[in-house]
Amino acid sequence: MKNLLTVSACCLAVAAALSASPLYARSPVAASAASQVQVSPAIEAAIKSANRDPANVTRDGFRHPAQTLSFFKLTPTSTVIEITPGNGWYSEILAPLVRQQGHYIAAVVDPASVPEGRGRDYQQRSRDGLQKKFAASPAQFDKAEQVAYDPAAPVFGKPASADVVLTFRNVHNWRKSGQAPGMFKGFYDVLKPGGVLGVVEHRAKADVGDDDGSGYVGEQQVIAMAEAAGFTLDGSSEVNANPRDTKDHPNGVWTLPPSNNHDAADAAKYRAIGESDRMTLRFIKAAR
């Protein structure tokens, strides 16, 4: 009876955890892949920190940060560079994780490198917002660093100075702007021999054109770009997969949550699909 009660309690705890965050069903493929990744206890502790924004925590069931960062071989001693961290969703996990023994660097676009207008204004708001977030929580971000880069000629730090470079859902922007080859070269240059490049990106059904505006990219295209820069594919994971994503939405990937760029009448339809199907790729800079 004691064992039955223990099992029942565990089931209730799992159900409560699941019901507390997702607004739509988690992909069974991602759930299966997540169970196959051995999660680092240090990463798990960083994710469970009470200092994280509750609104960000609700998306853990869709972004799988524990499994994703463990798959990318991140450790508390890593010097990690996150490329264009946006509003700092991953910063809340990464900066505290490496605060004592490693180093977190947020690589942001230098607004001055962008022509005047909406593009520069957007990059300035993004940079200011991240700085404000860091300043407001010194216990998390007092040792975090920001590096501004020119996307036309990106330099993210001293050569061979980083253990891990991470990019989440950015490659489609670089491809469309013609900046992807330079970005991957910059990643290669800043990583130490044996360093890891971790890529999460919206996954197209097949290769897409350079001018494609859907937000999706072919998995083989991403692999080819990384290999052209000198990287070797070291592993792939389905932890962020979603087979319900048909990838033929009227407003591309932004039709889906969390952007929800669709008619109000279609809310239930896209909520049932969930967030995009995403590739999760780990590359290595070969040791010399």
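Here's the deal with the sheet that holds strand S2 (residues 103-109)
- Taking strand neighbours across the sheet as the criterion, the seven strands line up as S3-S2-S1-S4-S5-S7-S6 in an open arrangement whose pairing is mixed. The open sheet has two free edges, formed respectively by strand S3 (145-149) and strand S6 (231-237), since each of these has just one partner strand. Going across the sheet, the axis of each strand differs from the next one's by a mean of 20 degrees, ignoring polarity.
- Strand direction decides the pairing type here: strand S5 (residues 191-202) and strand S7 (residues 278-285), joined by seven bridges, are antiparallel. Considered in S7, the bridge of histidine 202 is made with arginine 278.
- The sheet contacts of helix H7 (residues 91-98) involve strand S1 (79-83), S2 and strand S4 (162-168), and relative to S2 the element is tilted by about 145 degrees.

Regarding the pairing of S7
- With eight of its eight residues buried, S7 lies for the most part within the structure.
- In S7, alternate side chains face the same way, and those of Arg278, Thr280, Arg282 and Ile284 on one face and Met279, Leu281, Phe283 and Lys285 on the other are all buried.
- As paired strands, S6 and S7 are joined by six bridges and run antiparallel to one another. Its bridge partner being in S7, serine 236 is matched across the sheet by leucine 281.

Quick notes on unusual backbone geometry
- Residues proline 257 and proline 258 are joined by a peptide bond in cis, for which omega reads 5 degrees.
- Among the structural elements, proline 258 can be located in the loop between S6 and helix H13 (267-273).
- In this model, histidine 64 sits at a positive phi of 50 degrees, which is unusual for a non-glycine residue.
- Mapped onto the elements of the fold, histidine 64 is located in the loop between helix H5 (60-63) and helix H6 (65-71).

Topic: the confidence of the model for the chain
- Scored by pLDDT, the chain comes out at a mean of 90, with 89% of its residues at no less than 70.
- Ignoring residues within four places in sequence, the model shows residues 1-24, a span with pLDDT below 50, making 10 contacts including any to other chains.

Brief notes about the nonpolar core
- Ile81, Ile83, Phe156, Phe187, Leu197 and Val222 are the most contacted members of the largest nonpolar core, which has 31 residues in total.
- Top element by residues in this core is helix H11 (residues 180-190). It accounts for six residues.
- Among all residues touching valine 222, those that are not within four sequence positions of it are Val171, Phe184, Val199, Val217, Met279, Leu281 and Phe283.
- One finds Ala66, Ile93, Ala95 and Ile284 within the second-largest nonpolar core, a separate group that totals 30 residues.

Conventions adopted
- Residues numbered from 1 in each chain as written.
- Predicted model: local features only at pLDDT ≥ 70, side-chain atom pairs only at ≥ 80, totals over all residues.
- Heavy atoms only, no water.
- Pairing = 2+ DSSP bridges.
- Helix = DSSP H or I, 4+ residues; strand = E, 2+ residues; numbered from the N terminus.
- Axes fitted to C-alpha atoms, helices over the stretch in contact; angles between N-to-C directions.
- Contact = heavy atoms within 4.5 Å.
- Buried < 20%, exposed > 50% of the residue type's maximum accessible area, 1.4 Å probe, protein only.
- pLDDT = per-residue confidence, 0-100.
- Core = buried A, V, L, I, M, F, W, Y, C linked by side-chain atoms within 4.5 Å.

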